[in-house]
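So the chains spell out like this:
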Amino acid sequence: MKRGLADTISGMHSAAETVRARVALADRLRRRRETSRRLWRATPAAAALCAGVAAGARWAGWSPLLPLGVLGLAAVALAGYAYASGRDRAISDTTAADIDGLAGLGGELRSASWFASHDGHDPWVDFHLSRAADRLQATDWTELYPPVRARRAKAASAVMAIVALALVLIVPGPNGLHASVFASGAPGARGRTSLPAGVLPADLQKQLEELLKRAEEGPAASAGRALTAGEVRDLLAKLAQARDLRSAKDAKHDTNAAGNSIGLPGKNTDLDELSARAKRASEITSLSPEVRDALADVAEKLSDMADAQPSSPRDPSEAIGAADAPKGDAAHAKNGGNNYDDSSVQAVKDASAGGGIGVIMMANEDGQPAGEPGLGLGGASAENKGGGRMPDFAAALRKETIASYKDDTGEKTTQDIRRKTDRATATVAYAGTQPAAFDKGRATAPPAVPENRRAAVRTYFIRKP
Amino acid sequence: MTPAAVGQSIEQFRERFVRITQEVGRRIVGHEEVVNLTVTSLLAGGHVLLEGIPGVGKTSLVHTLADALDLSFSRIQFTPDLMPADIVGTTIVQERPHGGTFFEFQPGPIFANVVLADEINRATPKTQSALLEAMQDVSVSVGKTTYKLEQPFLVLATQNPLEMEGTYPLPEAQLDRFFFKLKVMYPSEDGMHEILERTTRDAETAVARVVDRSTLMEMRHVARSVAVARPVQSYAIRLTLGSHPDSPYATPLVKRYVRYGASPRAAQALVLGGKIQALNRGQAFVSIDDIRAVALPALRHRLLLNFEGEANEVSTDTIVDELLRGIAP
């Protein structure tokens with residue numbers, strides 16, 4: 001110790017430099033360790049984020065460059081942080097105190113670090129620095145600041161990164177899982193083909209397009225194969241057959257759990273387009289009148305098929321009830337969402353105020369009166385049967401009330417229909433109703449309440465005080 | 001001075017310090033810290049106020065220290081009728097051998113290297129104030145003449161914290177002039193055994209003079225040469241400033257119970273005491289721990305409590321402890 005001290009004293013000019021170098025080394029190791037700890041705390045999270053983005057990109061069909069970009073960005077950020085943390089910097093007194101405390105140097109490093117960074121020549125300071133330099137050189141800093149192992153963090157990061165890369169590079173499909181799943185024709189998939197899957201058989205569609213093409217090209221371009229009315233009628237028959245088959249499938253599908261049906265595409269513009277093409281072809285004068293009539297029938301059939309294609313539900317829950325919902329004004333009012341809105345309720349109230357006619361005007365999705373008003377639940381587009389929706393129940397109940405009221409009177413009554421105007425209440429019309437005998441047949445039973453909605457119906461009609 | 005000489009100075013200082021404390025320890029039992037801090041104060045050129053109940057060895061400590069040092073010693077028993085002239089001395093009329101008279105200054109007991117002011121709080125403030133100039137400037141003014149006291153000059157005062165009747169609390173200016181205030185605690189059971197064995201025999205324990213005046217002055221010089229880094233000095237300053245209730249470093253207890261905090265003399269005591277503690281450890285630098293080791297005796301008598309503190313009988317030791325905990329090194 002004394003020999004080492006003497007050697008250091010002989011090289012007194014370097015004592016301050018030695019102290020600075022050793023303190024800088026200690027600080028570098030300390031910061032490296034701290035940086036490693038932080039990095040290995042953040043890396044698994046960053047890798048998990050990349051894996052998540054990769055999975056999301058696969059599912060949603062985003063570009064595979066996105067997860068790769070996130071991965072690269074995370075790597076660059078972590079590397080940048082490591083670089084910034086590892087750069088040499090001035091040693092603050094706080095840093096020196098921390099190192100001193102960990103090394104158990106009793107304040108010698110802190111004091112020596114301050115003196116080494118300040119000018120001034122004093123034998124006591126030189127002695128202090130020389131002894132501090134000896135002591136700092138004898139200190140094993142790597143033992144004080146051992147490298148961070150973080151095995152679990154490294155393993156987790158590697159796994160996450162591999163998963164992210166595998167999702168990006170190995171899993172097949174150019175557009176990702178989402179697209180590949182739907183492209184495979186899975187039930188409920190949102191196809192992106194020219195025609196919705198299952199609407200027209202592929203061969204029939206091909207025949208149809210070929211026939212239309214031949215019709216549009218005209219007899220001259222057919223090269224001896226003039227389009228005949230028989231061919232068109234055959235295709236028309238096939239279309240009718242396909243439509244019937246489709247209707248049967250729909251009926252079966254509706255009776256099953258409809259939750260699997262995420263939704264067929266909306267009103268098919270392709271069928272409309274085909275219908276329009278057929279319509280245009282039927283107006284080509286170069287074709288024979290029989291062929292033109294047959295093409296017009298084809299156009300009408302395609303148009304019917306396009307109209308019969310159910311609208312796409314907005315969400316799966318809506319799709320569940322879509323097949324069972326009664327088609328009518330009340331149903332149209334319901335189609336806007338799960339909750340009956342104010343417009344539909346108001347429409348029911350108006351119908352009640354309308355008196356004996358029992359006109360129920362329900363709003364459609366756009367808030368406009370749906371179709372032609374009619375009696376009871378009737379509506380312009382009533383096709384589906386069934387029930388189970390609150391407005392339907394309300395409408396049915398209202399109808400029952402009105403019908404019962406009219407049946408009970410048994411006399412000819414005149415009832416004024418008053419409406420509120422801007423200025424006052426004025427009689428705007430008189431309606432005379434013919435007394436009618438009570439006819440139970442007029443009282444249609446409300447739609448059956450599904451088991452899972454009975455509690456909701458009970459809550460709706462039976463108000464708690 | 002070369003660095004090698006510095007190393008030797010440190011070793012000599014440490015050796016002498018240990019010899020003094022060991023020699024005092026031959027007669028004084030169980031008060032190692034008090035002895036250590038008393039010697040520290042002596043080497044720093046400060047005065048010590050020893051406080052303790054009767055019979056715990058305050059006066060014996062001073063006697064023993066004076067015996068161990070080859071210095072002049074005098075004792076002043078402070079009583080209520082003690083006058084300043086009884087301390088500093090007075091001018092008396094002398095007759096010349098060949099006729100005629102002249103005034104001659106007769107030095108008081110304060111003209112000594114080590115002065116024991118026993119029961120200092122029993123004298124009136126007027127008499128107590130006679131020590132002010134001596135303690136601060138190491139000089140005494142009588143009439144138009146100022147007399148320099150010989151260095152080293154050390155006042156070791158004792159006071160009893162229990163008997164308040166017929167006593168006069170030391171004024172703040174007087175208290176501030178004491179480098180350290182040390183509390184002499186009651187000895188432990190083992191210490192009592194040792195005391196009885198040493199004092200109930202016929203033979204008296206002899207104390208050798210281990211340090212003479214020149215050596216003591218050299219030690220003082222060495223003590224003031226120790227390097228203090230600015231962060232350490234800053235800590236001492238923050239401790240001092242933190243004892244003031246309006247300081248940003250003030251702790252909750254200081255804000256609540258302290259009327260006036262420590263003076264800059266406290267910071268001087270902290271740094272000088274820290275230097276001697278460092279040398280006593282064989283180091284050429286002052287560490288934070290050295291400052292903390294002397295914080296309590298350097299600050300406890302410099303805090304002036306407010307009414308609430310006095311009414312709640314708050315100990316200044318508690319406040320200093322909180323300062324040491326609350327102010328980051």
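Here the structure is a predicted model, which means the values were calculated and not measured.

Each value, and the rule that gives it
Residue indices follow the written sequence of each chain, beginning from 1 at its first position. Working convention: letters from A go to chains and numbers from 1 go to ligands, in the order in which they are written. The predicted nature of this model means local features are confined to residues of pLDDT at least 70 and side-chain atom pairs, given and counted, to a pLDDT of 80 or more, with totals for whole chains, interfaces and linings taken over all residues. For the side-chain quantities, the full set of heavy atoms in the structure was used; hydrogens and water were omitted. Secondary structure is summarised from DSSP: a helix means a run of H or I of at least four residues, a strand means a run of E of at least two, and numbering begins at the N terminus for each. Each residue's exposure class comes from its accessible area (1.4 Å probe, protein chains only) as a fraction of the maximum for that residue type: buried when under 20%, exposed when over 50%, partly exposed otherwise. The criterion used for residue contact is that any of the two residues' heavy atoms lie within 4.5 Å. Here the open area of atoms and residues is found with the Shrake-Rupley method and a 1.4 Å probe, where only the protein chains shown may cover a residue. Buried area, as used here, totals the accessible surface that two parts lose on assembly, with accessibility defined by a 1.4 Å probe and the loss added over both. In protein, a polar contact requires one atom able to donate a hydrogen and another able to accept it; more generally it is a pair of N or O atoms within 3.5 Å, and residues adjacent in sequence count only if both atoms are side-chain atoms. The pLDDT value tells you how sure the predictor is about a given residue, anywhere from 0 up to 100. Any two strands with at least two DSSP bridges between them are considered paired. A pocket, in this scheme, is an open set of points on a 1 Å grid over the protein atoms alone with protein on both sides within 12 Å along at least 5 of 7 lines, while a cavity is a set where a 1.4 Å probe fits but cannot get out; residues line either one if an atom lies within 4 Å of a point. Grid points are joined across faces, edges and corners, and a volume is the space filled by probe spheres set on the points. Nonpolar residues are Ala, Val, Leu, Ile, Met, Phe, Trp, Tyr, Cys and Pro. Charged residues are Asp, Glu, Lys and Arg, and all others, Gly as well, are polar. Only one rule defines a salt bridge in this text: a Lys or Arg side-chain nitrogen within 4 Å of an Asp or Glu carboxyl oxygen. Here, axes are lines fitted to C-alpha atoms. For helices the fit covers the stretch in contact, and angles between N-to-C directions go from 0 to 180 degrees. We call two directions roughly parallel when the angle between them is under 35 degrees, roughly antiparallel when it is over 145, roughly perpendicular when it lies between 65 and 115, and oblique otherwise. We call a crossing left-handed when the near helix sits turned anticlockwise from the far one by less than a right angle, and right-handed when that turn is clockwise. What makes a nonpolar core is a set of buried Ala, Val, Leu, Ile, Met, Phe, Trp, Tyr and Cys residues whose side-chain atoms join them at distances within 4.5 Å. Two rings from Phe, Tyr or Trp (for Trp, the six-membered ring) form a pair when their centres sit within 6.5 Å of each other. Planes less than 30 degrees apart are called stacked, planes more than 60 degrees apart edge-to-face, and all others tilted. Each ring is checked for a lysine NZ or an arginine CZ that lies within 6 Å of its centre and within 35 degrees of its normal; such an atom marks a charge sitting over the ring. In this description, the arc belongs to the directions extending from the helix axis to the C-beta atoms. Here a helix's expected span is defined as the number of its residues, less one, multiplied by 1.5 Å.

This paragraph deals with the overall build of chain A. Counting secondary structure elements, chain A contains 18 helices and four strands. A total of 465 residues make up chain A; the buried ones form 33% of that total. Within chain A, counting contacts between residues at least 6 apart in sequence, those at least 24 apart form 72% of the total. If you sum the accessible surface of chain A, you get close to 27,200 Å²; carbon and sulfur atoms cover 55% of it.

So, about the interface of chain A and chain B. Contact with chain A, which involves 17 residues of that partner, is made by 23 residues of chain B. Roughly 1,700 Å² is buried in total at the junction of chain A and chain B, and carbon and sulfur atoms are behind 73% of that figure. Area buried by chain A at its contact with chain B is led by Arg-110, Trp-124 and Phe-127 of chain A, which between them contribute 42% of it. At the junction of chain A and chain B, the tally comes to one residue pair in polar contact (both at pLDDT 80 or more). Take the side of chain A that touches chain B: its biggest share by element is seven residues, from helix H6 (residues 123-137) of chain A.

Residue and element names in this part refer to chain A. Mean pLDDT over chain A works out to 68, with 54% of the residues at or above the 70 mark. Long-range and interchain partners of residues 257-267, a stretch whose pLDDT sits below 50, account for 27 contacts in this model, where long-range means more than four residues apart. This model gives residues 311-387 a pLDDT under 50, and the stretch forms 136 contacts once residues within four places in sequence are excluded.

Another aspect to go through is the pairing of strand E3 (residues 73-77) of chain B. Residue and element names in this part refer to chain B. With burial as the criterion, only one face of E3 is covered, namely that bearing Ser-74 and Ile-76; the residues Phe-73, Arg-75 and Gln-77 on the opposite face remain uncovered. Examined bridge by bridge, E3 and strand E6 (residues 114-118) share five bridges and lie parallel to one another. Paired with Phe-73 across the two strands is Val-114, which belongs to E6.

Let's shift gears to the layout of surface pockets. All names here are of chain B. Taken as a whole, the second largest pocket spans an internal volume of roughly 760 Å³. In this structure, the second largest pocket is lined by 26 residues; those nearest its centre are Glu-51, Gln-159, Leu-175, Lys-181 and Glu-310. When residues of the lining of the second largest pocket are traced back to their parent elements, those giving at least two are helix H7 (172-176), strand E10 (178-183), strand E13 (304-305), helix H14 (307-311) and helix H15 (316-326). Counted by class, the lining of the second largest pocket contains ten nonpolar, eight polar and eight charged residues.

Here we take up the pattern of salt bridges. All names here are of chain A. Using the criterion set out here, one finds 24 salt bridges over all chains in the structure. Between Glu-231 and Arg-214 there is a salt bridge; the shortest N-O distance is 3.2 Å. With Glu-231 in helix H11 (residues 229-255) and Arg-214 in helix H10 (residues 202-217), this residue pair connects regions lying 17 residues apart in the sequence. Taking the relative accessible area as the measure of exposure, Glu-231 reaches 30% and is therefore partly exposed. For Arg-233, the salt bridge identified is with Asp-297, shortest N-O distance 2.5 Å.

Our focus in this paragraph is the packing of helix H1 (residues 3-25) of chain B against helix H2 (residues 32-44) of chain B. All names here are of chain B. Remark: H1 packs on H2, axes separated minimally by 10 Å, with the N-to-C direction vectors making an angle of 130°. Compared by their axis directions, H1 and H2 come out oblique. Note that H1 runs across H2; the crossing there is right-handed. Of H2, the residues touching H1 (which contributes Phe-13, Phe-17, Ile-20, Thr-21 and Val-24) are Val-35, Asn-36, Val-39, Thr-40 and Leu-43.

Next up on the list: the nonpolar core. Judged by nonpolar contacts, the single largest core of 99 residues is most densely connected at Val-19, Leu-129 and Trp-141 of chain A together with Phe-13 and Leu-239 of chain B. The leading source of residues in this core is helix H12 (residues 264-280) of chain B, at eight residues. Counting residues in hydrophobic clusters, the runner-up holds 27 residues, among them Ile-87, Phe-105, Ala-117 and Ile-120 of chain B.

What follows is about the sheet that holds E10 of chain B. Residues and elements named next belong to chain B. With parallel pairing, five strands are arranged side by side in an open sheet as E3-E6-E9-E1-E10. Every other strand in the sheet has two partners, leaving E3 and E10 as the edge strands with one partner each. The average angle at which neighbouring strand axes cross in this sheet is 15°, direction not considered. Here strand E1 (residues 47-51) runs beside strand E9 (residues 154-159); their pairing, made up of four bridges, is parallel. Within E9, the residue paired with Leu-49 across the bridge is Ala-157.

With that out of the way, let us pick up the packing of aromatic side chains. Following the criterion strictly, the structure yields six aromatic pairs over all chains and no others. Centre to centre, the rings of Trp-114 of chain A and Phe-115 of chain A are 5.2 Å apart; their planes meet at 80°, and the pair counts as edge-to-face. No difference in accessibility class separates Trp-114 of chain A from Phe-115 of chain A, as the two residues are buried. When the centroid spacing of 5.7 Å and the interplanar angle of 65° are considered together, the rings of Phe-105 of chain B and Phe-111 of chain B count as edge-to-face. The buried category is assigned to Phe-105 of chain B, whose relative accessible area is 14%. Given the relative accessible area of 27%, Phe-111 of chain B is considered partly exposed. By way of ring pairs, the aromatic residues Phe-105, Phe-111 and Tyr-147 of chain B are connected into one cluster. Above the face of the Phe-285 of chain B ring, Arg-281 of chain B is positioned so that its terminal group lies 5.7 Å from the ring centre.

Here the focus is helix H9 (residues 213-223) of chain B. Taken together, the buried positions of H9 of chain B are occupied by Thr-215, Leu-216, Met-219, Arg-220, Val-222 and Ala-223 of chain B. Along the axis of H9 of chain B, the buried positions cluster into a sector of 160°, meaning they face one direction only. Looking at the buried residues of H9 of chain B, the elements they touch are H6 of chain A together with H1, H2, strand E2 (69-70), strand E11 (211-212) and H12 of chain B.

Attention shifts here to the environment of Phe-115 of chain A. Residue placement: Phe-115 of chain A occurs in helix H5 (residues 108-116). Between the C-alpha atom of Phe-115 of chain A and that of Ala-16 of chain A, which follows or precedes it by 99 residues, the distance is 7.8 Å.

This paragraph deals with helix H13 (residues 288-299) of chain B. In this model H13 of chain B runs 16 Å from its N-terminal to its C-terminal C-alpha over twelve residues, within 8% of the 16 Å that 1.5 Å per residue would give. Those residues of H13 of chain B lying buried are Ile-288, Asp-290, Ile-291, Val-294, Ala-295, Pro-297, Ala-298 and Leu-299 of chain B. Where the residues of H13 of chain B are buried, they touch H5 of chain A together with H2, E10, helix H10 (230-241), H12 and H15 of chain B.

What follows covers the environment of Met-305 of chain A. Of note, Met-305 of chain A is situated in helix H13 (residues 289-308). Met-305 of chain A sits 105 residues away from Leu-200 of chain A along the chain, and the two C-alpha atoms are 9.7 Å apart.

This next bit is on the packing of H1 of chain B against helix H3 (residues 58-68) of chain B. All names here are of chain B. At their nearest, the axes of H1 and H3 sit 9 Å apart, and the two run at 130° to each other. One way to sum up the angle between H1 and H3 is to call them oblique. When you trace H1 past H3, the crossing you get is right-handed. Two secondary-structure elements touch here, H1 through Ile-20, Glu-23 and Val-24 and H3 through Leu-61, Thr-64, Leu-65 and Ala-68. The residue inventory of the contact of H1 with H3, partitioned by class, reads five nonpolar, one polar and one charged.

So, on to the confidence of the model for chain B. Per-chain confidence: chain B averages 90 in pLDDT, with 100% of residues scoring 70 or above. On the interface metric, ipTM, the complex scores 0.86, and its pTM is 0.60.

All names here are of chain B. With an omega dihedral of -5°, the bond running from Gln-151 to Pro-152 counts as a cis peptide bond. Even without being glycine, Val-138 reaches a positive phi, approximately 55°. Take Val-138: it is sitting in the loop between helix H6 (130-137) and strand E7 (139-142).

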